[in-house]
Amino acid sequence: MNKAVNNGVWSGSWVAERLGVALDGDEQLTDLLGLALRRNPKRAHLLVSHVLGKHVPQSPSVVYGYGFTLGRRVRDLLGDRAAASAVVLGYAETATGLGHSVADGLALAPYLHSTRRPVAGVPQAGGFEESHSHATSHLLLPEDPTLLAGDGPLVLVDDEFSTGNTVLNTIRDLHERYPRRRYVVVALVDMRSAADAGRLEDFAREIGARADLVAAARGTVRLPEGVLEKGQRLVAEYEDMSHPGARGCVESAATAARARQAPTGPQPTTMRVDLRWPPGLPDGGRHGFTPHHRIRLETALPTMTARLAEALPKNAHRVHILGFEELMYAPLRLARELEQITDAEVTYSTTTRSPVLAVDDPGYAIRSRLVFPAHDDPADGPGDRYAYNVAGAGFDAVVAVVDSAADTPHLHAPDGLLAQLAAHTPRVVLAVVPSYVPERPSMLPEPLRGPAFSSYPPEEVGWLLQDLSEVTLEAPTEEREEAIQSGGAHYAESLPVEYQPSAQYQELFQAALEASAARLAQAVGAVTEVVLAERSPHPVLVSLARAGTPVGVLMRRWAEHRHGLDLPHYAVSIVRGRGIDANALRWLAAHHDPRDIVFVDGWTGKGAITRELAAAIEEFEAAEGVTGFDPEIAVLADPGSCVRTYGTREDYLIPSACLNSTVSGLISRTVLRADLVGPHDFHGAKFYRELAGADVSVDFLDAVSARFTEVADAVDAQAKELLSADRTPTWEGWAAVERISEEYGIHDVNLVKPGVGETTRVLLRRVPWKILARAGAGADLDHVRLLAEQRGVPVEEVAELPYTCVGLIHPKYTRGATGADGRAVTV
C-alpha cells in the first residue's frame with residue numbers, strides 16, 4: 001500500500017510547484033517520498049517518507065518490510081560471521097524503529113538507538129550532533145558499557161542520507177573511542193548531492209576503515225537559488241492564515257490554542273489495555289536490545305496482540321496504531337501482528353517533536369496535524385508535540401502506545417494527546433509499555449592499596465580484590481585436599497592454614513635470597529625490557545595474585561630505575577577451572593587501553609594458568625565485546641616452555657616461592673565462593689595483618705632491586721639475545737607432566753606440579769605424596785628438602801627430569817590413604 005501518490009497526484013507536487021524543488025534519481029523516489037515545509041532556519045523543506053511510519057499512516061507490514069529487507073541486504077554484504085560481530089545503531093527519533101527492523105533483518109546483531117532522553121544512573125557512551133535537526137543532541141546510553149567497544153562492523157541506520165553530516169559526526173565521535181575497520185550506512189533513501197557523495201568514502205580512508213552504503217533508493221534533491229528564504233516566507237504566510245475549512249490545520253497560535261481545548265459534545269470511549277509486557281524486556285533499543293531480547297519479544301507478541309484486539313470495537317474497519325516519539329519499534333511490532341489477526345485495515349505512525357506545516361491538499365504530504373503538550377517530562381522542558389495525518393482520517397479506533405515514563409497527567413489532560421485523538425475517532429485505546437530502566441551493577445570499587453590492604457607501599461600495586469579479612473576461610477590441609485579431590489569443594493572456596501616458617505627455614509630463605517638476588521634482578525630486567533620492546537612502550541602491569549605480584553612490583557621498579565617510567569600495576573585473581581576475574585577485566589578496560597595490559601606471573605609449571613588465561617580472555621571478549629587484551633603472560637622463569645615473554649627458561653629457585661603471604665604483602669591466595677563473591681564483585685582475599693612480625697615482602701623486593709645497577713650490562717645482553725631468538729613455546733613441560741602422571745599411576749595432570757615454585761606450593765599448601773628431584777640438583781632444592789623432611793615426604797632422585805624438581809600431590813587422597821610403593825595408589 002503506497003500513499004505517496006494519491007489518485008495520480010504526487011504528495012510533493014504542492015511544494016515542488018511553489019518552490020521549484022524536485023527529486024531526481026530512481027523511479028521509486030516519488031513513490032517513497034513526499035514533500036512538506038517546516039519552520040527551520042537551516043532547511044525549510046522536509047522529505048516525508050511514506051514507508052517510515054513517522055508522519056504518514058502506513059501498513060505496518062510495509063514499514064517493517066522495508067527495514068527488514070535492508071537488514072537482509074546488510075547481512076548478505078557482511079556475511080554471517082561479520083554480521084554476528086556487528087552492532088546496529090539507529091538515530092532518534094525518526095529512525096529508531098527502522099534501525100530496529102534492520103537489526104531484525106541481520107538477526108545476529110544487538111541494536112542500540114541514540115536518544116534525546118537522558119536516564120539517571122546510565123553513563124553516556126558517546127554522543128553527536130545532527131546539525132540540520134530542530135533538536136540536535138543525540139545521546140548513546142547502552143546498558144552494557146562495552147556494547148560499542150568491539151571491533152566488528154558498525155551499522156548506522158537513518159531514514160534518509162541527505163548531506164552525510166550526521167553519519168560523519170557519529171563515526172568521528174565513536175571511532176575515537178571504539179576504533180573499528182568497517183562501517184555500513186543504511187538508509188531508506190540516499191539523497192546526497194554530488195558534492196557530498198564522496199565525503200564518507202574519503203573520511204573512511206582517512207581513518208583506515210571501509211564504509212559501505214545500503215539504500216532502498218537513491219537520488220538528489222534539486223534546490224533552486226534562494227529556496228530557504230522563499231520556503232520560510234511560504235511557511236510564515238500559511239501560519240498566519242486561518243484556513244477555517246481545513247481539517248486539523250492548526251498553524252497559528254490562536255488556532256493552536258483552540259485545537260488544544262477540551263473537545264466538546266459527547267465523549268468517545270477511552271480505555272486502557274494491559275498488554276502484560278514481559279518483565280525485564282526492554283521497550284526498545286534506547287539501552288540496547290540483544291538477539292535474546294528479540295526471541296523473548298517474538299514469543300510474547302501473539303498474546304499481547306490478542307489482548308489488544310479484544311479492546312477494539314467489534315465492527316472496526318480502520319484501526320490506527322500510534323506510537324510515541326522514540327518508541328517506534330514496539331508499537332510497530334504490535335501493529336504488524338494485529339494486521340495478521342484482524343480483518344480491519346491497520347495502519348501505523350508515531351507522534352513527533354518536529355513541527356511541520358499542515359496543508360489540506362492532495363499534493364502535500366502533511367494533510368493535518370494535532371498539537372498537544374509534551375507528556376514525558378522532557379529534559380529540554382515543556383513544549384508542543386505533534387501527530388500528523390491522523391485528524392479527520394476516519395479511523396474507527398486509534399491505539400496510542402506510550403511508555404510508562406510518558407503516562408503522565410499531561411497525557412490525560414483536557415488538551416492532551418488522548419483528548420485530541422478522542423475528537424477524531426469513536427474509540428481511543430491506551431497501551432502502556434513499561435519504560436525499561438537498566439539494572440546497572442553498583443560501580444566497581446577502586447583498587448585496594450597498602451597499608452590498609454597489604455604491606456606493600458600504595459604506589460607499588462593496586463589490588464582488584466575485595467577484602468575478606470574478617471571471614472574465617474582456613475581449613476586444615478588434609479581436610480581441604482579430601483574435599484577437593486572428592487569433588488565436594490573447589491580449591492578456591494577455602495584457604496589453607498598459613499604455613500609459619502621455623503627459624504631454620506627462615507634462615508634458609510635468607511640464604512637463598514642472598515645467593516639468588518643478582519640472578520633474579522637480571523631476569524626481572526630482561527623480561528621487562530622484552531615487554532617494553534614488544535608489548536607496549538607504556539605497559540599496564542597486571543599481576544596474577546598472588547605469586548605474580550612480587551614480580552610485577554619488581555618489573556615496575558626496573559622500568560622506573562632504568563627508564564624513568566611510572567608504570568601502573570594491579571593484581572587480579574585467576575582461578576583454575578573458573579577463569580580470570582571478569583569484573584577486574586571490566587575495571588581495567590574502563591580505565592586503560594586493553595592493548596596496554598601485560599599479565600605477569602612468577603613462573604610457569606606445566607602451563608595450566610597460561611591456557612586458563614587464554615580461554616578466559618577469549619570468553620570475556622566474546623561476551624563483553626571488549627577486544628585488545630593479550631593473554632600472553634610475562635614471567636620470570638618459563639621452565640615449561642609455555643610462553644614467549646620470559647626472563648629465563650631455567651628452573652631455579654625464586655625465593656618468593658618459598659613462603660606464602662609473608663613474601664606476598666601478607667595477602668592470602670584468592671577466594672571465589674558464591675556466598676561471598678557476587679556477580680558484580682571482585683574475587684576475594686585476606687590481609688593477614690597479624691603476621692606482620694614475620695613479613696619479609698618488602699625485604700625481598702629491596703634485596704633484588706638493590707642489584708639492578710650491577711646487572712644492567714648483563715640485562716642488555718640477555719634482552720638483546722631474547723629479542724632475536726625464536727621463543728615459540730614448545731610445551732615440553734606439559735608433555736613431561738603427562739608422562740609422569742601415567743608412569744606413577746596418578747592419571748590426573750592436576751596432581752603433578754612441576755618446577756621449584758610449584759613443588760614448594762605442594763609442600764606448603766597441599767598433601768604431598770612424594771617429590772621427584774633431578775639428580776645433582778644443588779642449593780636450589782635446600783628448602784624443598786627441608787620442607788619434605790618436616791612433612792615426612794620422600795624425595796626421589798630421578799636422572800631424566802626436565803625440571804629441577806616435581807611435586808606429586810597425594811592422588812585419590814583420603815585421610816586413610818597410603819601409597820607406600822611409590823607407584824601404585826592404595827585407597
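The shown structure was predicted, so the numbers you read here are calculated from the model rather than taken from an experiment. In this numbering scheme, every chain counts its residues from 1 along its sequence in written order. Only residues with pLDDT of 70 or above have their local features reported here, since the model is predicted, and side-chain atom pairs are shown and tallied only from 80 upward, although totals for entire chains, interfaces and linings are computed over all residues. Heavy atoms throughout the structure, all of them, feed into the side-chain values; hydrogens and water do not.

Caption draft 1: Inspection of the overall build of the protein at higher detail. A count of helices and strands for the protein gives 24 helices and 35 strands. For the protein, the proportion of its 827 residues judged to be buried stands at 60%. Every residue pair with non-hydrogen atoms within 4.5 Å of one another is taken to be in contact. Intrachain contacts of the protein at a sequence separation of at least 6 include 77% that bridge at least 24 residues. We get accessible surface area from the Shrake-Rupley algorithm with a probe of 1.4 Å; when it comes to residues, only the shown protein chains can shield them. A total of about 31700 Å² of accessible surface is found on the protein, and carbon and sulfur atoms cover 51% of it. What counts as a helix is a DSSP run of H or I of at least four residues, what counts as a strand is a run of E of at least two, and both are numbered from the N terminus. Burial here depends on accessible area, computed with a 1.4 Å probe over protein chains only, as a share of the maximum for the residue type. Under 20% is buried, over 50% is exposed, and the range in between is partly exposed.

Caption draft 2: The sheet that holds strand β34 (residues 795-798), seen in detail. Between any two strands, at least two bridges found by DSSP are needed for them to pair. Within the open sheet, the four strands sit side by side as β32-β35-β33-β34. Their pairing is mixed. Where the open sheet ends on each side, the last strands, each with one partner, are β32 (752-754) and β34. On average, each strand axis in the sheet is tilted by 20 degrees relative to the strand beside it, whichever way the strands run. Where β32 meets strand β35 (residues 805-809), three bridges bridge the pair, whose relative direction is antiparallel. When the bridges of β35 are listed, Pro 754 appears paired with Val 806. Between N-to-C directions, angles span 0 to 180 degrees; the directions come from axes that are lines fitted to C-alpha atoms, helices contributing only their stretch in contact.

Caption draft 3: Looking closely at the pattern of salt bridges. Salt bridge, as used here, is a side-chain nitrogen of Lys or Arg placed within 4 Å of a carboxyl oxygen of Asp or Glu. Applying the stated criterion across every chain, the model contains 39 salt bridges. The closest approach of N and O atoms between Arg 294 and Asp 104, which form a salt bridge, is 2.5 Å. Here Arg 294, found in helix α11 (residues 291-310), pairs with Asp 104, found in helix α5 (residues 96-106); they are 190 residues apart in sequence, far enough to count as distant. As far as the burial class goes, Arg 294 and Asp 104 line up, both buried.

Caption draft 4: Examining the packing of aromatic side chains more closely. The rule is short: rings of Phe, Tyr and Trp, with Trp giving its six-membered ring, pair when the centres are within 6.5 Å, and they are stacked under 30 degrees, edge-to-face over 60, tilted in between. What the rule picks out here adds up to twelve aromatic pairs. With centroids separated by 5.1 Å and ring planes inclined at 80 degrees, the aromatic side chains of Trp 14 and Tyr 364 adopt a geometry described as edge-to-face. Here the residue Trp 14 occupies a position in helix α1 (residues 13-19), and Tyr 364 occupies one in the loop between β15 (345-350) and β16 (369-373), the gap between them amounting to 350 residues. Residues Tyr 386 and Tyr 388 carry aromatic rings whose centres are separated by 6.0 Å and whose planes lie at 10 degrees to one another, so their mutual orientation is stacked. A residue is classified by how much of its surface remains accessible, and Tyr 388, at 1% relative accessible area, is buried. Against the face of Trp 731 rests Arg 611, its NZ or CZ located 4.4 Å from the ring centre. A positively charged side chain is recorded as over a ring if its NZ (Lys) or CZ (Arg) lies within 6 Å of the ring centre. The angle to the ring normal must also be within 35 degrees. Over the aromatic face of Trp 734 sits the side chain of Arg 611, whose NZ or CZ is 4.1 Å from the ring centroid.

Caption draft 5: Examining the packing of α5 against helix α12 (residues 329-341) more closely. Two elements in contact, α5 and α12, have axes whose closest approach is 8 Å; the angle formed by their N-to-C orientations is 65 degrees. Within the contact between the two elements, α5 uses Gly 97, His 100, Ser 101 and Asp 104 and α12 uses Tyr 329, Leu 332 and Arg 333. Only Asp, Glu, Lys and Arg are considered charged, only Ala, Val, Leu, Ile, Met, Phe, Trp, Tyr, Cys and Pro nonpolar, and every remaining residue, Gly among them, polar. When its residues are assigned to classes, the contact of α5 with α12 shows two nonpolar, three polar and two charged.

Caption draft 6: Here's a closer look at unusual backbone geometry. With an omega dihedral of -5 degrees, the bond running from Ala 92 to Glu 93 counts as a cis peptide bond. Cis geometry marks the peptide bond from Ala 545 to Arg 546, where omega comes out at 0 degrees. Here Arg 546 shows up in the loop between β24 (540-544) and α17 (548-563). Positive phi values are uncommon outside glycine, yet Ser 454 reaches one of about 95 degrees. Among the secondary structure elements, Ser 454 is positioned in the loop between β19 (427-433) and β20 (462-463).

Caption draft 7: Quick look at helix α19 (residues 608-624). Here the expected span of a helix is defined as 1.5 Å times the quantity of residues minus one. Its 17 residues give α19 an end-to-end C-alpha distance of 24 Å, which sits within 8% of 24 Å, the value for a rise of 1.5 Å per residue. Taken together, the buried positions of α19 are occupied by Ala 608, Thr 610, Glu 612, Leu 613, Ala 616, Ile 617, Phe 620, Glu 621 and Glu 624. On its buried face, α19 sits against β26 (574-575), β27 (579-580), α18 (582-591), β28 (597-603), β29 (633-637) and α22 (732-743). With its phi angle positive at about 75 degrees, Gly 625 sits one or two positions after the end of α19.

Caption draft 8: Representation of the side chain of Lys 770. Examined against the element boundaries, Lys 770 turns out to sit in strand β33 (residues 768-774). For Lys 770, a relative accessible area of 7% gives the class buried.

Caption draft 9: Region of the structure containing the nonpolar core. Residues Val 155, Ile 321 and Tyr 364 are the most contacted members of the largest nonpolar core, which totals 135 residues. Examining the composition of this core, we find that seven residues originate from one element, strand β11 (residues 182-190), more than from any other. Look past the residues within four positions of Tyr 364 in its chain and what remains in contact with it is Ser 11, Trp 14, Val 15, Leu 35, Ala 36, Leu 37, Val 356, Leu 357, Ala 358 and Val 359. What we call a nonpolar core is a set of buried Ala, Val, Leu, Ile, Met, Phe, Trp, Tyr and Cys residues that are connected through their side-chain atoms within 4.5 Å. Counting residues in hydrophobic clusters, the runner-up holds 75 residues, among them Val 527, Ala 545, Met 555 and Leu 786.

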